[in-house]
Amino acid sequence: MEFIDLKEQYRRYKTETDDRIQRVLAHGHYIMGPEVAELEQALAGYVGVKHAITAASGTDSLEIALRTLNIGPGDEVITVPFTWISSAEVIGLVGARPVFVDIEAATYNINADLIESAITSRTKALLPVSLFGQMPDYDHINAIAAKHGIPVIEDGAQSFGATQRGRRSCGVTTIGSTSFFPAKPLGCYGDGGALFTNDDGLAEKMRAIRTHGGVKRHHHPFLGMNGRFDTLQAAVLLAKLPHFDREVNERIRIGARYSSLLKESCTVPVVSPANTHVYAQYTIRVPDRDKIAEQLKAAGIPTAVYYPKCLHEQPVFAGLGCKWGDFPESEKASREVLSIPMHPFLSEADQDKVIEALKRELVKPMRAEGVLV
Ligand SMILES: Cc1ncc(COP(=O)(O)O)c(C=O)c1O
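Here is a short report on the structure shown in this document. In every chain, residue numbers begin from 1 and rise along the written sequence. Local features are withheld for residues below a pLDDT of 70 in this predicted model, meaning they are given only at 70 or higher, and side-chain atom pairs are given and counted only at 80 or more; totals for whole chains, interfaces and linings count all residues. To get the side-chain values, take all heavy atoms of the structure and skip hydrogens and water.

1. A short note on helix α3 (residues 34–47)
Between its terminal C-alpha atoms α3 stretches 20 Å, which fits the 20 Å expected from 14 residues at 1.5 Å a residue. Exposure classes here rest on a 1.4 Å probe applied to the protein chains alone. A residue is buried below 20% of its type maximum, exposed above 50%, and partly exposed in between. Helix and strand assignments follow DSSP, with helices taken as H or I runs no shorter than four residues and strands as E runs no shorter than two, numbered in order from the N terminus. Taken together, the buried positions of α3 are occupied by E35, V36, L39, E40, L43, A44, Y46 and V47. In a view along the axis of α3, the buried residues occupy a sector of 165°, so they form one face of it. In α3, the exposed positions angled more than 90 degrees off the buried face are occupied by Q41 and G45. Just beyond α3, the residue with positive phi is G48, at close to 85°. A helix's residues, less one, multiplied by 1.5 Å, set its expected span. Read the arc as the range of directions from the helix axis to the C-beta atoms.

2. Details of the sheet that holds strand β10 (residues 275–276)
Taken in spatial order, the three strands of this open sheet run β7-β6-β10, and their pairing is antiparallel. Both edges of this open sheet fall to β7 (167–168) and β10, since each of them pairs with a single strand only. Any two strands are treated as partners once DSSP identifies two or more bridges connecting them. For strand β6 (residues 163–164) and β7, the ladder comprises two bridges, and the chain directions are antiparallel. Of the residues in β7, the one forming a bridge with T163 is R168.

3. Notes on the sheet that holds strand β5 (residues 153–155)
The four strands lie next to each other as β1-β9-β8-β5, forming an open sheet whose pairing is mixed. This sheet does not close on itself; its edge strands, each paired only once, are β1 (51–55) and β5. The mean inter-strand angle of the sheet, taken between neighbouring strand axes irrespective of direction, is 20°. Of the pairings in the sheet, the one linking β5 to strand β8 (residues 175–179) comprises three bridges and is parallel in character. From the neighbouring strand, D155 faces β8, where its bridge partner is S177. Two residues qualify as a contact provided that any one of their heavy atoms is within 4.5 Å of a heavy atom in the partner residue. To get an axis, fit a line to the C-alpha atoms, keeping to the stretch in contact for a helix; angles then go from 0 to 180 degrees between the N-to-C directions. In the packing of helix α7 (residues 200–210) onto the sheet, the strands contacted are β1, β8 and β9 (193–197), and the crossing angle to β1 comes to about 15°.

4. Digging into empty space enclosed by the protein
Grid points spaced at 1 Å and placed over the protein atoms alone form the basis of the search, with a cavity being a set where a 1.4 Å probe fits but cannot get out and a pocket an open set showing protein on both sides within 12 Å along at least five of seven lines. Lining residues have an atom within 4 Å of a point. Grid points are joined across faces, edges and corners, and a volume is the space filled by probe spheres set on the points. As enumerated under the stated definition, the model contains two cavities of 30 Å³ or more in all. Roughly 70 Å³ of internal volume is contained in the largest cavity. Taken together, 14 residues make up the lining of the largest cavity; nearest its centre are I4, L6, Q9, K184 and R251. At the level of secondary structure, the elements contributing two or more residues to the lining of the largest cavity comprise α1 (6–12) and α8 (231–262). Top element by residues in the lining of the largest cavity is α8. It accounts for three residues. Residues are grouped as follows: Ala, Val, Leu, Ile, Met, Phe, Trp, Tyr, Cys and Pro are nonpolar; Asp, Glu, Lys and Arg are charged; all remaining types, including Gly, are polar. Counted by class, the lining of the largest cavity contains six nonpolar, three polar and five charged residues. Taken as a whole, the second largest cavity holds about 60 Å³ of empty space. When its residues are assigned to classes, the lining of the second largest cavity shows six nonpolar, five polar and no charged.

5. Considering the side chain of Q233
One can find Q233 in helix α8. Residue contacts for Q233: discarding those within four places in its chain leaves C188, Y189, G190 and D191.

6. Here's the deal with the nonpolar core
A general tendency of soluble globular proteins is for nonpolar side chains to be buried together. By size, the foremost hydrophobic cluster in this structure holds 27 residues, and its most contacted members are I78, F82, Y108, I115, L126 and I141. The element contributing the most residues to this core is helix α6 (residues 138–148), with four residues. Core analysis: the next-biggest nonpolar cluster, separate from the first, contains 25 residues, V47, F160, L186 and L238 among them. The nonpolar core is taken to be a set of buried Ala, Val, Leu, Ile, Met, Phe, Trp, Tyr and Cys residues, with the residues joined through side-chain atoms within 4.5 Å.

7. Side note on the side chain of K240
In this structure, K240 sits in helix α8. In this count, Lys and Arg are taken as positive residues and Asp and Glu as negative ones, while His and the chain termini are left out. Put simply, a salt bridge is a Lys or Arg side-chain nitrogen that is within 4 Å of an Asp or Glu carboxyl oxygen. Of the side chains with opposite charge, E247 comes closest to the buried, unpaired K240, at an N-O distance of 5.7 Å. Here K240 is in contact with Q9, Y13, L186, G187 and Y189, once residues within four sequence places are set aside.

8. As for a nonpolar patch on the surface
There is a patch of nonpolar side chains on the surface, built from L25, Y30, I31, M32 and L232 and spanning about 420 Å² of accessible area. Assignment of secondary structure puts M32 in the loop between α2 (14–27) and α3. Within this analysis, patches are made of residues with over 30% relative accessible area and no salt bridge. Like charges are joined at 9 Å or less; nonpolar side chains (Val, Leu, Ile, Met, Phe, Trp, Tyr) at 5 Å or less. Areas reported here follow the Shrake-Rupley algorithm with a probe of radius 1.4 Å; residue values treat only the protein chains shown as occluding.

9. Some remarks on the packing of helix α4 (residues 58–68) against α7
Angle between the axes and distance between the axes are the two parameters that describe a pair of packed helices. For the pair α4 and α7, the least separation of the axes is 9 Å and the interaxial angle reads 120°. Considering the angle they form, α4 stands oblique to α7. Handedness of the crossing formed by α4 with α7: right-handed. Where α4 approaches α7, its residues I64, A65, R67 and T68 are matched on the opposing element by L202, K205, M206, I209 and R210. Broken down by class, the residue content of the contact of α4 with α7 amounts to five nonpolar, one polar and three charged. Note on terminology: angles under 35 degrees are roughly parallel, angles over 145 are roughly antiparallel, angles of 65 to 115 are roughly perpendicular, and the others are oblique. Note on convention: near helix rotated counterclockwise from far helix by under a right angle means a left-handed crossing. Clockwise means right-handed.

10. Some points on unusual backbone geometry
Phi is mostly negative for residues that are not glycine, and the peptide bonds are mostly trans. In the segment running from Y306 into Y307, the intervening peptide bond is cis, with an omega of 10°. Mapped onto the elements, Y307 comes out in the loop between α9 (289–298) and α10 (328–336). Positioned with a positive phi, H212 is a non-glycine residue whose angle comes to about 60°. Among the secondary structure elements, H212 is positioned in the loop between α7 and α8. Residues other than glycine seldom take positive phi values, yet H218 does so here, at roughly 60°. Residue placement: H218 occurs in the loop between α7 and α8. Looking at H218, the relative accessible area reads 69%, which means it is exposed.

What follows is the structure in structure tokens.
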């Protein structure tokens, strides 16, 4: 059993993927070829915004967003400590300071009620993460940001395809950012990412910063980067995009089935009523997580821990002066979460194998303690 089955995905879409790749090999425009513009138009339409700008990764896209908003030394950006390193790494990379706000226990997303007390005169943006595939309450977050006159960047690396009140992830904040890392809900076959906005000026500047800060050939008003998305990867995504809605529906169906069959045995994902969840990770909470992961491995079931440590525990952020106990929900989650196999092609037989093995392992300690006979 695969944790995420990319080989099966390629097998299913082989004809159109090979055809799209062959066309790029034939025209030879490997950098910023026509597929990049075609994909950007399709992505903007999918998300429902005016502009989509592809980038070399979901990390570069976040950095481009921060640079575009002129965020740098002396500035603070609010994010969460329970996320992939990129969300805070980029804040440090532009010279600003990440300010962490704890998550909600139920959704693993930022606790919006704690944001205002973290805002100072130096706060230049909010950078919430739509973790595991569902969005935090952006109506609430956008209202706080508007009150303080600061922009919001959604780190939607894990939530592409998810919705909130009928609007798609990456389309509800000043700037949305996603990742096309192969294991993401919409993954290419290498690194990639994209930015989304309705603001013409921000879009123009993000395009420039992505390409060495240039607005036209040999004219560079901004400090930029080589953050372009490969034409070959754009071709892969163009082949996959027509199948994406079906994949998202399958993820939702499998996630709901997992939840209904596991909810008596462990803490299953809580989906906010305003949201759809795309389960980039299907993440449960279990006591004795590491032992259960080992037992599942012995039964041939792959699992993963996202994330075993919070960002304030990472040596690179030691200088921020945070300590254990500052973000209790993030800390607790990092010790209890376990992600189980999830992809659109996971057969019912494999789902049942995961469910049965989990139930078996979760019941064992209860028997040992005499809770069950
Ligand atoms: C929450 C989050 N932010 C940012 C990223 C960065 O994306 P990439 O790996 O494409 O640089 C990822 C992906 O790993 C992620 O999960």
